Every structure is written in structure tokens, then in C-alpha cells.
Amino acid sequence: MDSSFAHITIIHWVAVVVYVIATIFNVSGLMFRKERAVAVSEALVLGGLLVHGIGILWWWKIVGHGPYIGRFEVLSSHAWAVLALFMASSRFFPRIKAASILVFPVTFLMIAVGLFIEPQAKMLPPTLRSVWLVLHVIFYKISLFTLLVALAFSLFYLLRKRTGISWLQRLPELEILDILSFRFAGFSFTFWGIAMVAGSIWAYQSWGRFWGWDPVETWSLMTWIAFGIYLHLRRFFGWNGERAAYLYLICFVLSVISLLFTPLIGSSIHSEYFK
């Protein structure tokens, strides 16, 4: 078992190194208009996803359940899902490629943090195994991907408007950046809501109740409501531009607390699997 953990750790560090190199090529390519560097970056990311995916599947085989219980496996699978979804989406929507400047570093940082936590096997009781758990996890990962893309365009908007950084001027117009942030925030709101519903059904199957005001559930609901307020203000009260971008940043902070920190609260039933 120890040797398997060591091999999985090595595989993940290899993926981190590949993603870091890809990020360097990507940033230089986007900032200095080097298409060749961007192409190399994309090839490296695809190779990193392959290596990283092998590590996740190997871990899955060892622990006997999907990568959604312990902190290491959650962060690792978050990173893989976000990066895979981004690469697939950017093929169909090239306008979002610039968001890779944020998405790429976030992914390798998540893996590195998970590795420093130290991989530990967490067993999932048979009573908690359910397709609703799988859906619950999948939709939160999709939501995280859309959250990061929306965050990138919100930051691009603020930086382009308030600074004179030259490469930002090559991005789409401010109005387009604002709209892209708005749309991806809408996707986040939708997928987050579906994830909560799936989690409620899973909770009913596992613990006999749909909702128990667990810290994770409460923060998740607060985050979803915050995004609902953001979308409502934008759609019906004409909020856009800087104030919408700043409001999105607040919503994003809430989402990070909800996804990554509330499971560690001792009074939460989720904490048993994230110790």
C-alpha cells in the first residue's frame, strides 16, 4: 500500500511539473502573441491530463470508490475535471482561451496543496454509495469550472479598465468581457443548484432526511442565493461593469469557502471524510 501511495504521489508531481511548464508557455504565448507557444502549452496540458488521469484511476482502484472523499483526492479530481472541461470547451468557444491564464495555475496549485496534505485512503461506507452522490460531485466540479472562467473574465474586466497593461487590450471589448462573466456565472448558478438537489436526494437515501442545516449544506445554499442575487441584479436592475465584477468576486469567495473549507468544520457530517 505504501509503495502504491509513493507511485501515485510521483505521478501527481509529474503532472504538476507538466502543468507548470504548460502554464509558462501559455502565459508567454498569450502575452507576446506566440501561437507556437500556445500550441505547445495545449499539447503539454493534454499530456498532463493523461498522466494525471492515470494517477486518479490508480487511486480509485486502491480506495475502491471515486475521488470524492479525502482532501487529496477531492483537490486532485477538481483540478483534472476543471482542466479537462476547459480544454474541451475552448475548442468550441475559442473566446474563453484567455481564461487559461487563471485556470492553468489554479489547477496545478490544487494538486500541489493536495499532495502537501499527504494522500490518505478514506473508505466510503456501502450505505453512502449512490448514483446521486456521483451526480452531486460531478455537477459541483462542472460548477467550479464555470466559476473559474467567470472569475477570469471579471478580473480581466477590472484590470483592463483600471490598468494600462498592453496585452489586456488585445482581449475582447469590455462589454464582451462583462457578458462572458455574466453567462458563465449563470452556468455556475445552474450547475450548483443541480448539485444541491442531487446531494439532497443522496442525503435522504443515506440519512433519511433531505436537509439538515449541516454547515456544508448551509454554506452551499448561501452561496447559491448569493449568485442568484448577483444574476437578479444584473438581469433586472441593470448592474454591469465594475460593480457587477466586484459583486462576483464576493460570490466567488463564498463558493471557495463552501467547496473547500466548510467540509473541515468539525460539526459537519462531511468532516468525517475530510479529516
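Residues numbered from 1 in each chain as written. Predicted model: local features only at pLDDT ≥ 70, side-chain atom pairs only at ≥ 80, totals over all residues. Heavy atoms only, no water.

1. Comments concerning the pattern of salt bridges
Now for step 1: This structure, assessed with the given rule, holds 6 salt bridges.
Now for step 2: The shortest N-O distance in the salt bridge between Lys 161 and Glu 242 comes to 3.7 Å. Highlighted residues: Lys 161 in helix 5 (residues 131-162) and Glu 242 in helix 8 (residues 241-261), separated in sequence by 81 residues.
Now for step 3: A relative accessible area of 43% means that Lys 161 is categorised as partly exposed. (Salt bridge = Lys/Arg side-chain N within 4 Å of Asp/Glu carboxyl O. Helix = DSSP H or I, 4+ residues; strand = E, 2+ residues; numbered from the N terminus. Buried < 20%, exposed > 50% of the residue type's maximum accessible area, 1.4 Å probe, protein only.)

2. Points about the UniProt feature "transmembrane region" (unreviewed entry) in the protein chain
Now for step 1: UniProt tags residues 6-32, 44-62, 68-86, 98-117, 137-159, 180-204, 216-233 and 245-265 as "transmembrane region" (unreviewed entry).
Now for step 2: Counted over residues 180-204, helix gives 100% and strand 0%. Its end C-alpha atoms are 36 Å apart.
Now for step 3: Across residues 216-233, the secondary structure splits into 100% helix and 0% strand, with the terminal C-alpha atoms separated by 26 Å. (UniProt positions renumbered as here; feature names shortened; annotations may be inferred.)

3. Section: the side chain of Ser 200
Now for step 1: One can find Ser 200 in helix 6 (residues 174-207).
Now for step 2: Not counting chain neighbours up to four residues away, the residues in contact with Ser 200 comprise Arg 209, Phe 210 and Trp 211. (Contact = heavy atoms within 4.5 Å.)

4. Considering the environment of Ser 100
Now for step 1: Note that Ser 100 resides in helix 4 (residues 100-117).
Now for step 2: Among the polar contacts made by the side chain of Ser 100, one reaches the main-chain carbonyl oxygen of Lys 97 at a distance of 2.6 Å. (Polar contact = N/O pair within 3.5 Å; in protein donor to acceptor, adjacent residues only side chain to side chain.)

5. Comments concerning the domain arrangement of the protein chain
Now for step 1: Partitioning the protein chain into domains gives domain 1 (1-124) and domain 2 (125-274).
Now for step 2: Between the C-alpha centres of domain 1 and domain 2 the distance comes to 20 Å.
Now for step 3: With 31 residues of domain 1 in contact, the opposing surface of domain 2 contributes 26 residues.
Now for step 4: Across the interface of domain 1 and domain 2, roughly 2,700 Å² is buried in total on both sides, 76% from carbon and sulfur atoms.
Now for step 5: In this structure, the connection of domain 1 to domain 2 is made through 0 salt bridges.
Now for step 6: If you look at where domain 1 meets domain 2, you find 4 residue pairs in polar contact (both at pLDDT 80 or more).
Now for step 7: Listing elements by their share of the side of domain 1 that touches domain 2, those giving two or more residues are helix 1 (2-31), helix 3 (71-92) and helix 4. (Domains from an automatic or database assignment. Buried area = accessible area lost by both parts, 1.4 Å probe.)

6. Quick word on the nonpolar core
Now for step 1: One finds Phe 86, Phe 153, Phe 156, Tyr 230 and Tyr 248 to be the most contacted residues of the largest nonpolar core, which totals 64 residues.
Now for step 2: Counting residues per element, this core draws most heavily on helix 5, which supplies 14 residues.
Now for step 3: Residue contributions to this core reach at least three from each of two domains, namely domain 1 (1-124) and domain 2 (125-274).
Now for step 4: Excluding residues within four positions of it along the chain, Phe 86 makes contact with Ile 96, Lys 97, Ala 99, Ser 100, Val 103, Phe 104, Phe 145 and Val 149.
Now for step 5: Formed by 7 residues, the second largest nonpolar core is a distinct cluster that contains Tyr 68, Leu 133, Val 137 and Trp 202. (Core = buried A, V, L, I, M, F, W, Y, C linked by side-chain atoms within 4.5 Å.)

7. Here's the deal with unusual backbone geometry
Now for step 1: At Arg 33, a position not held by glycine, the phi torsion is positive, near 55°.
Now for step 2: When you line up the elements, Arg 33 lands in the loop between helix 1 and helix 2 (35-63).
Now for step 3: Within the chain, Trp 213 stands out as a residue other than glycine whose phi angle is a positive 55°.
Now for step 4: Structurally, Trp 213 can be placed in the loop between helix 6 and helix 7 (215-236).

8. Some words on the packing of aromatic side chains
Now for step 1: Enumeration over the complete set of coordinates arrives at 14 aromatic pairs.
Now for step 2: Their ring planes at 80° and their centres at 6.0 Å tell us that Phe 86 and Phe 104 sit as a pair that is edge-to-face. Taken together, the residues span a long stretch of sequence, with Phe 86 in helix 3 and Phe 104 in helix 4 at a distance of 18 residues.
Now for step 3: For the pair Tyr 204 and Phe 210, a centre-to-centre distance of 4.4 Å together with 10° between the ring planes defines the contact as stacked.
Now for step 4: Residue class for Tyr 204 comes out partly exposed when judged on its relative accessible area of 44%.
Now for step 5: Judged by relative accessible area, Phe 210 falls into the partly exposed class, the value being 44%. (Phe/Tyr/Trp six-rings, centres within 6.5 Å; stacked < 30°, edge-to-face > 60°.)

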